[in-house]
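Coordinate analysis (summary)
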Amino acid sequence: MKTAKGVSLTGAVVFAAIGLIFLLIPDSVLMLFNNMSGFFGLPQSPVQGKGFYLILAVAYMYLVTVLAFLIYRHPENKWFPFLLANGKLASSAISLFLFLTDQPYLIYIANCVTDGLIGAAALLYYLKLKKA
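This section reports on the structure supplied with the text. Throughout this description, residue numbers start from 1 for each chain and increase along the sequence as written. For this predicted model, a pLDDT threshold of at least 70 governs which residues receive local features, and a threshold of 80 or more governs which side-chain atom pairs are given and counted, while totals over whole chains, interfaces and linings are taken from all residues. Side-chain measures here rest on the full set of heavy atoms in the structure, leaving out hydrogens and waters.

Re a nonpolar patch on the surface
Residues Leu20, Ile21, Leu23, Leu24 and Ile25 make up a contiguous nonpolar surface patch of about 470 Å² in total accessible area. Three labels apply to residues, based on accessible area from a 1.4 Å probe with only protein chains included: buried if under 20% of the type maximum, exposed if over 50%, partly exposed otherwise in between. For isoleucine 25, a relative accessible area of 43% puts it in the partly exposed group. Patches here: salt-bridge-free residues with over 30% relative accessible area, like charges joined within 9 Å, nonpolar side chains (Val, Leu, Ile, Met, Phe, Trp, Tyr) joined within 5 Å. Only the protein chains shown count as cover for residues, and all accessible areas are computed by the Shrake-Rupley method using a 1.4 Å probe. Any carboxyl oxygen of Asp or Glu that lies within 4 Å of a side-chain nitrogen of Lys or Arg is treated as forming a salt bridge with it.

Next up, the structure:
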């Protein structure tokens, strides 16, 4: 439980920070990944961070922040990691799908790996709680 509290509080802080970055400087996030794309031999993605989808991205980051904080506050509750795992694994799968079917953008595969790891950790924690 102590490890879950530390990891989930760290997750809440990181998710909140990323949500603020998405809100305040969305184009800069895409430009950062575009600057690294050439190193990996990948094309640059369009820089269109503002608009309707920004609302959805920031709202998603808010939700995962709340879920991570709830895991921190209630590490014995299995439903919070279950929900976090579903959100992160869905994000990972969609990112992989777009990497394979749209364009091989670095931002897609970076999100696939990052959210996949977070989702897998949340899923393992959920399974541990369910078993107990």
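Side note on the environment of asparagine 35
Note on placement: asparagine 35 falls in helix H2 (residues 26-37). Sequence separation between asparagine 35 and leucine 106 is 71 residues, and the spatial gap between their C-alpha atoms is 9.9 Å. Note on conventions: DSSP H or I runs of at least 4 residues are helices, E runs of at least 2 residues are strands, and numbering of each starts at the N terminus.

Examining the side chain of asparagine 34
Structurally, asparagine 34 can be placed in helix H2. Among the residues examined, asparagine 34 registers a relative accessible area of 7% and is labelled buried. Contact criterion: two residues are considered in contact whenever any of their non-hydrogen atoms come within 4.5 Å of each other. Once residues within four sequence positions are removed from consideration, asparagine 34 is found in contact with Gln44, Ser45 and Val47.

A look at helix H4 (residues 79-101)
Each residue after the first adds 1.5 Å to the expected span of a helix. Taking 1.5 Å per residue, 23 residues should reach 33 Å; H4 reaches 33 Å between its end C-alpha atoms and fits that length. By the burial criterion, the buried members of H4 are Phe80, Pro81, Leu84, Ala85, Lys88, Ser91, Ser92 and Ser95.

What to know about the nonpolar core
We define the nonpolar core as a collection of buried residues of types Ala, Val, Leu, Ile, Met, Phe, Trp, Tyr and Cys that are connected through side-chain atoms lying within 4.5 Å of one another. Judged by nonpolar contacts, the single largest core of 14 residues is most densely connected at Phe15, Val64, Ile71, Leu84 and Tyr125. Among the elements of the structure, helix H1 (2-24), helix H3 (52-73), H4 and helix H5 (106-131) are those that each provide at least two residues to this core. Top element by residues in this core is H3. It accounts for 5 residues. Within the second largest apolar cluster, 8 residues are counted, among which are Phe33, Leu42, Leu106 and Ile107.

Structural notes on the side chain of aspartate 115
Mapping aspartate 115 onto the fold places it in helix H5. The exposure class of aspartate 115 is buried, given its relative accessible area of 4%. Ignoring any residue separated from it by four or fewer positions in sequence, one finds aspartate 115 in contact with Tyr60, Lys88, Leu89, Ser91 and Ser92.

Description of the packing of H4 against H5
Under this scheme, a helix contributes an axis fitted over its contacting stretch, all axes are lines through C-alpha atoms, and angles between N-to-C directions fall in the 0 to 180 degree range. Contact geometry for H4 and H5: axes closest at 7 Å, N-to-C directions at 155°. With respect to their mutual orientation, H4 and H5 come out roughly antiparallel. Here the hand of the crossing between H4 and H5 comes out left-handed. We call Asp, Glu, Lys and Arg charged. Ala, Val, Leu, Ile, Met, Phe, Trp, Tyr, Cys and Pro are nonpolar, and the rest, Gly among them, are polar. The residue inventory of the contact of H4 with H5, partitioned by class, reads 19 nonpolar, 6 polar and 2 charged. Any angle that falls under 35 degrees is termed roughly parallel, while one over 145 is termed roughly antiparallel, one within 65 to 115 roughly perpendicular, and all others oblique. The sense of a crossing depends on the near helix, which, turned anticlockwise from the far helix by less than a right angle, makes the crossing left-handed and, turned clockwise, makes it right-handed.

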